[in-house]
Amino acid sequence: MQQLLVDTGVEEFVVNGRGGLRFNPGDPNLYHRFFEAGDELAALDEDLSRRLADLGPDAGTGTPAALTLLADYDRRVKELLGRIFGPENDFDRILEGVNLAGAGANGRRVAENLIDALAPVLRAGAQRTLRTTAETAVAEADAARAARGPGADGEAQ
């Protein structure tokens, strides 16, 4: 069997020195899925906050109902991330089972910290893709002009 190797731009990012996350940071489809998911993530956050508030003041003490809500949030956010980055990226494995509803040392949800870490990588990848696309278009236009020869575009001979 023959092999066909295609450069897809996929890179691997080591998360917290352990789990590997693989994706192409310059993929426009991934970029759109990621940034369009912001509304869905915000809705999940609001739903969690509302449901925890509905449990009353005991929700913060680790009641079984509150812990169930946190586990459900974790599952739903990881499913969303799987749809964005593809099923080969198992965020439970990548984050070593850390619940995305948990708080980081900075007091923010782990999900927020993850999104904040990924956003600049995707923005830089999109900029790289746009720059490369523009440079290629200019080079192709220059080559086409050169192939037509002098005076083809109304240039002085």
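Only a predicted model underlies this, so the values are computations on that prediction, with no experimental measurement involved. Sequence order as written defines residue numbering, which begins from 1 separately in each chain. In view of the model being predicted, local features appear only for residues whose pLDDT reaches at least 70, and side-chain atom pairs are presented and counted only at 80 or more, with totals across whole chains, interfaces and linings using the full set of residues. Hydrogens and water molecules were not included; the side-chain quantities draw on all heavy atoms of the structure.

Draft legend 1. Region of interest: the pairing of strand E2 (residues 19-23). Where burial is concerned, most of E2 is hidden: 4 out of the 5 residues are buried. Should DSSP find at least two bridges between two strands, the strands are regarded as paired. Secondary structure counts use DSSP, requiring at least four H or I residues in a row for a helix and at least two E residues in a row for a strand, with both numbered from the N terminus. Pairing geometry for strand E1 (residues 11-15) and E2, over 5 bridges, is antiparallel. Bridging across to E2, glutamate 12 finds its partner in arginine 22. If you look at the hairpin formed by E1 and E2, you'll find 3 residues sitting between the two strands, and asparagine 16 has a positive phi there, around 55 degrees. Each residue is placed in one exposure class: buried if its accessible area under a 1.4 Å probe, protein chains only, is under 20% of its type's maximum, exposed if it is over 50%, and partly exposed if it falls in between.

Draft legend 2. Representation of the pattern of salt bridges in the model. Salt bridge, as used here: a side-chain nitrogen of Lys or Arg that lies within 4 Å of a carboxyl oxygen of Asp or Glu. According to the stated counting rule, one finds 17 salt bridges in the structure shown. Residue arginine 50 is joined to aspartate 47 by a salt bridge in which the shortest nitrogen-to-oxygen separation is 2.5 Å. Placement of the pair is arginine 50 and aspartate 47 together in helix H1 (residues 28-54), with a separation of 3 residues, close to one helical turn. Residue aspartate 47 is classed as buried on the basis of its relative accessible area of 17%. Note that aspartate 54 is salt-bridged to arginine 50, the shortest N-O span being 3.4 Å. Residue aspartate 54 and its partner arginine 50 are both found in helix H1; the two are separated by 4 residues, about one turn of the helix. We classify arginine 50 as partly exposed; its relative accessible area is 46%. Salt bridges here are not isolated pairs; linked through shared partners, they connect Asp47, Arg50, Arg51, Asp54, Asp72, Arg75, Arg76 and Glu79.

Draft legend 3. Representation of H1. Between the first and last C-alpha of H1 there are 40 Å, a value that for 27 residues agrees with the 39 Å anticipated at 1.5 Å per step. The largest bend along H1 reaches roughly 35 degrees and is located at glycine 38. Buried within H1 are the following residues: Leu30, Phe34, Ala37, Leu41, Leu44, Asp45, Asp47, Leu48 and Leu52. Here H1 starts with a cap whose side-chain oxygen sits 2.8 Å from the backbone nitrogen of asparagine 29, and that cap is aspartate 27. Positive backbone phi, at 90 degrees, marks glycine 56, one or two positions downstream of H1. An expected span of 1.5 Å times one less than the residue number is assigned to each helix. Note on bend: at a given residue it equals the angle between the axes fitted to the 7 residues ending there and to the 7 starting there. Whenever two N or O atoms come within 3.5 Å, that pair is a polar contact, provided that in protein one can donate a hydrogen and the other can accept it, and provided that, for residues adjacent in sequence, both atoms are side-chain atoms.

Draft legend 4. Representation of helix H2 (residues 64-85) within the structure. The terminal C-alpha atoms of H2 lie 31 Å apart, and with 22 residues this matches the ideal 32 Å at 1.5 Å per residue to within 8%. Listing the buried residues of H2 in full gives Ala66, Leu69, Asp72, Tyr73, Asp74, Val77, Lys78, Leu80, Leu81, Gly82, Ile84 and Phe85. Contacts are residue-level and defined by heavy atoms, with any inter-residue pair within 4.5 Å sufficient. Where the residues of H2 are buried, they touch E2, H1, helix H3 (91-94) and helix H4 (110-148).

Draft legend 5. Examining the packing of aromatic side chains more closely. Centre distance within 6.5 Å is the pairing criterion for rings of Phe, Tyr and Trp, where only the six-membered ring of Trp is used; planes under 30 degrees apart are then read as stacked, over 60 as edge-to-face, and the remainder as tilted. For the structure shown, the criterion picks out 6 aromatic pairs. Note on tyrosine 31 and phenylalanine 35: the rings are 4.6 Å apart at their centroids and 50 degrees apart in plane angle, and the pair reads as tilted. A residue pair is termed a helical-turn pair when its members lie 3 or 4 positions apart in one helix, as tyrosine 31 and phenylalanine 35 do in helix H1 at 4 residues. A relative accessible area of 25% places tyrosine 31 in the partly exposed class. By relative accessible area, which is 29% here, phenylalanine 35 ends up partly exposed. Consider the rings of phenylalanine 85 and phenylalanine 91, whose centres lie 5.7 Å apart with planes at 55 degrees: the pair is tilted.

Draft legend 6. Up close: the packing of H2 against H4. Packing of H2 against H4 leaves a shortest axis separation of 12 Å and a crossing angle of 15 degrees. In terms of orientation, H2 and H4 fall into the roughly parallel class. Note on packing geometry: the crossing formed by H2 with H4 is left-handed. Across the interface between the two elements, Tyr73, Val77, Leu81 and Phe85 of H2 pack against Ala111, Leu114, Ile115, Leu118 and Leu122 of H4. Classifying every residue of the contact of H2 with H4 gives 9 nonpolar, no polar and no charged. Lines are fitted to the C-alpha atoms to define the axes, a helix being fitted only along its stretch in contact, and any angle between axes, read from their N-to-C directions, falls within 0 to 180 degrees. Angle categories: roughly parallel below 35 degrees, roughly antiparallel above 145, roughly perpendicular from 65 to 115, and oblique for all the rest. Handedness of a helix crossing follows the sense of rotation of the near helix relative to the far helix, less than a right angle counterclockwise being left-handed and clockwise being right-handed. Classes in brief: Ala, Val, Leu, Ile, Met, Phe, Trp, Tyr, Cys and Pro nonpolar; Asp, Glu, Lys and Arg charged; the others, Gly included, polar.

Interpretation note: all reported values are geometric properties and have no functional meaning in isolation.
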